[in-house]
Amino acid sequence: PDNPEETIELVPDMKWFVQKKDFNGDYRFLKINAKDLSFNHKKDKAACFGTKEEAEKWKNPLTEVVLLPIEGDD
């Protein structure tokens, strides 16, 4: 851009997720439904939380809480 001071930085919407690393090195995200809890590799199907404290309630020794953008399936 000709005027960098006029550049607008887009900040993605962020949410908290609970994730675990599986044996293949891939990350899986916590999925909550009426029947059970499971882990899925698709972030858009995962449970997301508005605060870190909410996500921490679902954490266990094999998982971690992370803040990630909600757009896409990275």
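Here is a short report on the structure shown in this document. The model shown is predicted, which means the values in this text are computed figures rather than measured ones. (Residues numbered from 1 in each chain as written. Predicted model: local features only at pLDDT ≥ 70, side-chain atom pairs only at ≥ 80, totals over all residues. Heavy atoms only, no water.)

**Here we look at the pattern of salt bridges**
Here is step 1: Under the defined criterion, the tally for this structure stands at one salt bridge.
Here is step 2: Among the ionic pairs, Glu56 bridges to Lys59, the shortest N-O distance being 3.7 Å.
Here is step 3: You can call Glu56 partly exposed: its relative accessible area is 32%.
Here is step 4: Lys59 sits in the partly exposed class, given a relative accessible area of 40%. (Salt bridge = Lys/Arg side-chain N within 4 Å of Asp/Glu carboxyl O. Buried < 20%, exposed > 50% of the residue type's maximum accessible area, 1.4 Å probe, protein only.)

**Thoughts on the environment of Phe17**
Here is step 1: Following the sequence through the fold, Phe17 ends up in strand E1 (residues 14-21).
Here is step 2: Overall, the relative accessible area of 2% leaves Phe17 in the buried class.
Here is step 3: Sequence separation between Phe17 and Lys43 is 26 residues, and the spatial gap between their C-alpha atoms is 8.5 Å.
Here is step 4: In this structure, Phe17 is in contact with Phe29, Lys43, Ala46, Ala47, Cys48, Glu64, Val65, Val66, Leu68, Pro69 and Ile70, ignoring residues within four places of it in sequence. (Helix = DSSP H or I, 4+ residues; strand = E, 2+ residues; numbered from the N terminus. Contact = heavy atoms within 4.5 Å.)

**Some points on the packing of aromatic side chains**
Here is step 1: Counted under the stated rule, the structure contains one aromatic pair.
Here is step 2: Here Phe17 and Phe29 contribute two aromatic rings whose centre-to-centre distance is 5.8 Å and whose plane-to-plane angle is 70°, an arrangement assigned as edge-to-face. You can see Phe17 sitting in strand E1 and its partner Phe29 sitting in strand E2 (residues 27-32), a full 12 residues away along the chain.
Here is step 3: Over the ring of Phe39 we find Lys20, and its NZ or CZ is 4.7 Å from the ring centre. (Phe/Tyr/Trp six-rings, centres within 6.5 Å; stacked < 30°, edge-to-face > 60°. Lys NZ or Arg CZ within 6 Å of the ring centre and 35° of its normal.)

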